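Structural overview for review
Chain by chain, the residues:
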Amino acid sequence: MPIATPEVYNEMLDRAKAGKFAYPAINVTSTQTLHAALRGFAEAESDGIIQISTGGAEFLGGQYSKDMVTGSVALAEFAHVVAEKYPVTVALHTDHCPKDKLDGYVRPLLAVSEERVKAGRNPLFQSHMWDGSAETLADNLAIAQELLARAVAAKIILEVEITPTGGEEDGVSHEINDSLYTTVDDAVRTVEALGLGEKGRYLLAASFGNVHGVYKPGNVVLRPDLLKELNEGVAAKYGKPAGSQPFDFVFHGGSGSTAEEIATALDNGVVKMNLDTDTQYAFTRPVADHMFRNYDGVLKVDGEVGSKKTYDPRTWGKLAEAGMAARVLEATQHLRSAGQKIK
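To start, this report covers the structure provided alongside it. Predicted model only: the values in this text are computed from it and were never measured.

**Here we look at the overall build of the protein**
Secondary structure summary: the protein contains 13 helices and 10 strands in total. Computed over C-alpha atoms, the radius of gyration of the protein comes to 20 Å, within 12% of the 20 Å expected from 2.2 N^0.38 for 343 residues, which places it in the range of a compact globule. Here the C-alpha coordinates of the protein stretch approximately 75 × 50 × 40 Å along the principal axes. Looking at the 343 residues of the protein, the share that counts as buried comes to 54%.

**Looking at the pairing of strand 5 (residues 157-161)**
Most of strand 5 sits inside the fold, with five of its five residues counted as buried. Residues Ile157, Glu159 and Glu161 of strand 5 are buried on one face, and the alternating residues Leu158 and Val160, pointing to the opposite face, are buried as well. Looking at chain direction, strand 4 (residues 127-131) and strand 5 are connected through five bridges and run parallel. When the sheet's bridge partners are listed, Met129 is paired in strand 5 with Glu159. In this region the chain leaves strand 4, passes through helix 6 (residues 137-153) and returns to the parallel neighbour strand 5; the handedness of that crossover is right-handed.

**Concerning the packing of aromatic side chains**
Summed over the entire model, instances satisfying the criterion amount to three aromatic pairs. Here the aromatic rings of Phe21 and Tyr23 are separated by 5.4 Å at their centres, their planes lie at 85 degrees, and the arrangement is edge-to-face. Consider the rings of Phe208 and Phe251, whose centres lie 4.9 Å apart with planes at 65 degrees: the pair is edge-to-face. Here Phe208, found in the loop between strand 8 (202-205) and helix 8 (226-237), pairs with Phe251, found in strand 9 (residues 249-251); they are 43 residues apart in sequence, far enough to count as distant.

**Quick look at the side chain of Glu321**
With respect to the helices and strands, Glu321 occurs in helix 13 (residues 313-334). In this structure the side chain of Glu321 is engaged in a polar contact, spanning 3.2 Å, whose partner is the side chain of Arg39. Setting aside residues up to four positions removed in sequence, Glu321 forms contacts with His35, Ala36, Arg39 and Phe283.

**Here's the deal with helix 4 (residues 68-82)**
For helix 4, with 15 residues, the first-to-last C-alpha span of 21 Å sits near the 21 Å given by 1.5 Å per residue. Where helix 4 is concerned, the buried positions are Met68, Val69, Gly71, Ser72, Val73, Leu75, Ala76, Ala79 and Val82. Residues of helix 4 that are buried make contact with helix 2 (31-44), strand 2 (48-52), helix 3 (54-60), strand 3 (90-94) and helix 5 (106-118). A side-chain oxygen of the first residue of helix 4 lies 3.2 Å from the backbone nitrogen of Val69; this N-cap is Asp67.

**Describing unusual backbone geometry**
A positive phi is found at Lys66, a non-glycine position, where the angle reads about 55 degrees. With respect to the element layout, Lys66 can be found in the loop between helix 3 and helix 4. A relative accessible area of 41% places Lys66 in the partly exposed class. Although it is not a glycine, Asp302 adopts a positive phi angle of roughly 50 degrees. A relative accessible area of 73% places Asp302 in the exposed class.

**Overview of the packing of helix 2 against helix 4**
It is at 11 Å that the axes of helix 2 and helix 4 come closest, and there the two elements cross at 40 degrees. The angle between the axes of helix 2 and helix 4 places the two elements in the oblique class. Here helix 2 and helix 4 pass one another in a crossing that is right-handed. Across the interface between the two elements, Thr31, Leu34, His35 and Leu38 from helix 2 touch Leu75, Phe78, Ala79 and Val82 from helix 4.

Scoring rules and cut-offs
Residues numbered from 1 in each chain as written. Predicted model: local features only at pLDDT ≥ 70, side-chain atom pairs only at ≥ 80, totals over all residues. Heavy atoms only, no water. Helix = DSSP H or I, 4+ residues; strand = E, 2+ residues; numbered from the N terminus. Rg over C-alpha atoms; globule rule 2.2 N^0.38 Å. Buried < 20%, exposed > 50% of the residue type's maximum accessible area, 1.4 Å probe, protein only. Pairing = 2+ DSSP bridges. Right-handed = clockwise from strand over helix to strand, strands pointing away. Phe/Tyr/Trp six-rings, centres within 6.5 Å; stacked < 30°, edge-to-face > 60°. Polar contact = N/O pair within 3.5 Å; in protein donor to acceptor, adjacent residues only side chain to side chain. Contact = heavy atoms within 4.5 Å. Expected span 1.5 Å × (residues − 1). Axes fitted to C-alpha atoms, helices over the stretch in contact; angles between N-to-C directions. Parallel < 35°, antiparallel > 145°, perpendicular 65-115°, else oblique. Left-handed = near helix turned anticlockwise from the far one by under 90°.

What follows is the structure, encoded as structure tokens:
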């Protein structure tokens, strides 16, 4: 059962919350990066999450049509087959989807899983993300209510982003300023709209200074301690025991974070952390090294014939897979999920 069932996905998240660890959520854009992520999880003996952004889905759909649904469904079906060969359990997730892409991405994918569930099968994806951070909180949560109801019917968990993550990803950008910090009032309004599990489980991407991409020290001020304040504020309002953690938090913009920042986030309820920028570099860096070292082999310089062994995509592709897998393994160690796979 390498692809988690809905029940197992819930168990994965519960185990992470109780054990103060989080699953690396690795963005993939090809069958090769999928294998790299699976390999990294397997070598770390860690379960994990594989995710596809809207841009990744367009790329997977091919440059002729760039069909996001076709691309993401195709890779998900492929994952259901090849993941059987890896001794870990993974969940499939779709990353940031803004309002203008809901009808071309998340809603059709929910329909795919709804039909599968009606036929007695498991959903194709285990969770989907709605990124309404560019909308007013009222509009954001209104759409989240609609999507959560559909997700529950399809046995899927919804991820919501209620306030902005800085930087840019797949055309969605936010300035780096004070709006990158979720308030207790934002968290309370989220519970008023989505509940605390009784309306369906959801993951919460709260903002504590997160920024997509990697920036030099001093440009970004992360406050993972803010997550504790959000949990405490909601727990107090809704009569939850002191020290309880009502939310399942997601850490966005995690590339380049310090070990201390990650540890604090884990202690405060983060169960999922997204990695894309760092794994992109880990995949590409060995390819660049190969090309520079074998310049006259990968190119037919001055009328020569080059070297098929060096420009064969399998040659440099294996190096890329190994590089990315190593970075995924490193992430599991930072997030304490290494060695925590479901037996």
